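One letter stands for each residue in the lines below.
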Amino acid sequence: GAWLGREGLGQEWFRGNPYISRRHVFIHPDRNGRLIVEDDRSLNGVYYDSGNGREKLPQSSSVILNPGDILWLYNVPLKLEG
């Protein structure tokens, strides 16, 4: 797995964004290769959209994302491809 944030994976995209935590979210695959996203107590939240509108992921909880879903690190959208 990997951390996404100002000091993790993608830091070149998030650097200077005060709304993104140093380690905002942890991502890792499950046994079936699906992507699991876990909020690491980010200050400004993790959101996701599986086609039903943007929903907030409760702190210290996780969600499985599928191709086409959008992960939001506060105000930055990341679309899961393939």
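Residues numbered from 1 in each chain as written. Predicted model: local features only at pLDDT ≥ 70, side-chain atom pairs only at ≥ 80, totals over all residues. Heavy atoms only, no water.

Q: Could you give me a rundown of the overall build of the protein chain, with the residues and numbers involved?
A: Counting its regular elements, the protein chain contains 1 helix and 8 strands. Along the protein chain, from the amino end to the carboxyl end, the secondary structure elements read β-α-β-β-β-β-β-β-β. Against the globule reference of 12 Å for 82 residues, the protein chain gives a C-alpha radius of gyration of 12 Å, in line with a compact fold. Counting only C-alpha atoms, the protein chain reaches 35 × 25 × 25 Å along its principal axes. (Helix = DSSP H or I, 4+ residues; strand = E, 2+ residues; numbered from the N terminus. Rg over C-alpha atoms; globule rule 2.2 N^0.38 Å.)

Q: Tell me about the pairing of strand 6 (residues 62–65), residues and numbers included.
A: Burial of the side chains of strand 6 is restricted to one face: Val63 and Leu65 are buried, whereas none of Ser62 and Ile64 on the reverse face is. As paired strands, strand 3 (residues 35–39) and strand 6 are joined by 4 bridges and run antiparallel to one another. Counted as the bridge partner of leucine 35 is leucine 65 from strand 6. (Buried < 20%, exposed > 50% of the residue type's maximum accessible area, 1.4 Å probe, protein only. Pairing = 2+ DSSP bridges.)

Q: Any details on the packing of aromatic side chains? Residues and values, ideally.
A: Scanning all chains against the criterion turns up 3 aromatic pairs. One cation-aromatic arrangement involves arginine 23 over tryptophan 3; the distance from NZ or CZ to the ring centre is 4.1 Å. The side chain of arginine 54 reaches across the aromatic face of tryptophan 72, ending 4.4 Å from its centre. (Phe/Tyr/Trp six-rings, centres within 6.5 Å; stacked < 30°, edge-to-face > 60°. Lys NZ or Arg CZ within 6 Å of the ring centre and 35° of its normal.)

Q: Got a sec to walk through the sheet that holds strand 3? Specific residues and values, please.
A: Strand order in this open sheet of 4 strands is 1-2-3-6, and the pairing throughout is antiparallel. The sheet is open, and its two edges are formed by strand 1 (2–4) and strand 6, each paired on a single side. Mean inter-strand twist for the sheet, computed between neighbouring axes without regard to direction, equals 30°. (Axes fitted to C-alpha atoms, helices over the stretch in contact; angles between N-to-C directions.)

Q: Could you give an account of the sheet that holds strand 8 (residues 76–79), with specific residues and numbers?
A: Pairing is antiparallel in the open sheet, where 4 strands are placed in the order 5-4-7-8. In the strand order of this sheet, the two ends are held by strand 5 (55–57) and strand 8, each with one partner. Direction aside, neighbouring strands of the sheet carry axes that sit 30° apart on average. Pairing geometry for strand 7 (residues 70–73) and strand 8, over 4 bridges, is antiparallel. When the bridges of strand 8 are listed, tryptophan 72 appears paired with proline 77.

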